[in-house]
Amino acid sequence: MTVDVRPEVLIHRPRAEVAAIMFDPVNDLRWTGGITSSRPDQPGRLQQGATVVRSAKFLGRSFDYGYVVTRHEPDRLIEMRVEQPFPMVVRYELDDAQDGTSVAIHAVGTPGRFFRWVTPLMTRQVRRSITSDLVRLRQYLET
């Protein structure tokens, strides 16, 4: 079974402003839940080939995980390959909307070993986690 979720929100700010926060790992702790640190290999916004290591808690477990940016479209898209807690491709997708920016996070992956038998639970948890992140991002940018 595969986890495939794509929560989306409307943020009442221009796409460039949303990207400035969302695509720069120095801001991760402002809007990404469950992480305790974010350590990019280089300062500034994410670019193709950039790597970041995060420390996180997920389903009661603490671990470090890294991601590498595999695709980048300025102020529009960041695609990352993540190996923990299971292999996933995560996309930050920004599109212009009539009253701001449509922001989605699309996560697709196949849980292995420990998580495989709980894929339906993992799908709900990943959706809930991403939705909460997007709500925090919207609150941060709109206040």
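The structure this text deals with has already been given above.
Residues numbered from 1 in each chain as written. Predicted model: local features only at pLDDT ≥ 70, side-chain atom pairs only at ≥ 80, totals over all residues. Heavy atoms only, no water.

Remarks on the pattern of salt bridges
Under the counting rule described, the total for this entry stands at 13 salt bridges. Note that R76 and D95 form a salt bridge whose closest N and O atoms lie 3.5 Å from each other. Pair noted here: R76 is in the loop between β5 (61-73) and β6 (77-82) and D95 is in strand β7 (residues 88-97), with a separation of 19 residues, a long-range link. What makes D95 partly exposed here is its relative accessible area of 36%. Salt bridges sharing common partners tie together R6, E8, E79, R91 and E93. (Salt bridge = Lys/Arg side-chain N within 4 Å of Asp/Glu carboxyl O. Helix = DSSP H or I, 4+ residues; strand = E, 2+ residues; numbered from the N terminus. Buried < 20%, exposed > 50% of the residue type's maximum accessible area, 1.4 Å probe, protein only.)

Here we look at the layout of surface pockets
Roughly 470 Å³ of internal volume is contained in the largest pocket. Along the wall of the largest pocket there are 27 residues; nearest its centre are R54, Y65, M88, S129 and D133. Listing elements by their share of the lining of the largest pocket, those giving two or more residues are β4 (51-58), β5, β6, β7, β8 (100-109) and α4 (119-142). For the lining of the largest pocket, the leading source of residues is α4, giving 5 residues. Grouping the constituent residues of the lining of the largest pocket by class yields 18 nonpolar, 6 polar and 3 charged. (1 Å grid on protein atoms, 1.4 Å probe; cavity = no way out; pocket = protein on both sides within 12 Å on 5 of 7 lines; lining within 4 Å. Points joined across faces, edges and corners; volume = space filled by probe spheres on them. Nonpolar A, V, L, I, M, F, W, Y, C, P; charged D, E, K, R; others polar.)

With respect to unusual backbone geometry
We note that D75 has phi near 60°; this positive angle belongs to a residue other than glycine. Residue placement: D75 occurs in the loop between β5 and β6.

Here's the deal with helix α1 (residues 15-22)
Counting along an α-helix, one turn takes 3.6 residues, and residues three or four places apart therefore face a common direction. Taken together, the buried positions of α1 are R15, V18, A19, I21 and M22. Considered in projection along α1, the buried side chains sweep an arc of 165° and stay on one side of the axis. Elements that come into contact with the buried residues of α1 comprise β2 (8-11), α2 (28-31), β7, β8 and α4. (Arc of directions from axis to C-beta. Contact = heavy atoms within 4.5 Å.)

Quick notes on α4
Taking 1.5 Å per residue as the helical rise, α4 with its 24 residues ought to reach 34 Å, and the 34 Å between its terminal C-alpha atoms agrees with that figure. Of all the positions in α4, only T119, M122, T123, V126, I130, D133, L134, L137 and L141 are classed as buried. (Expected span 1.5 Å × (residues − 1).)

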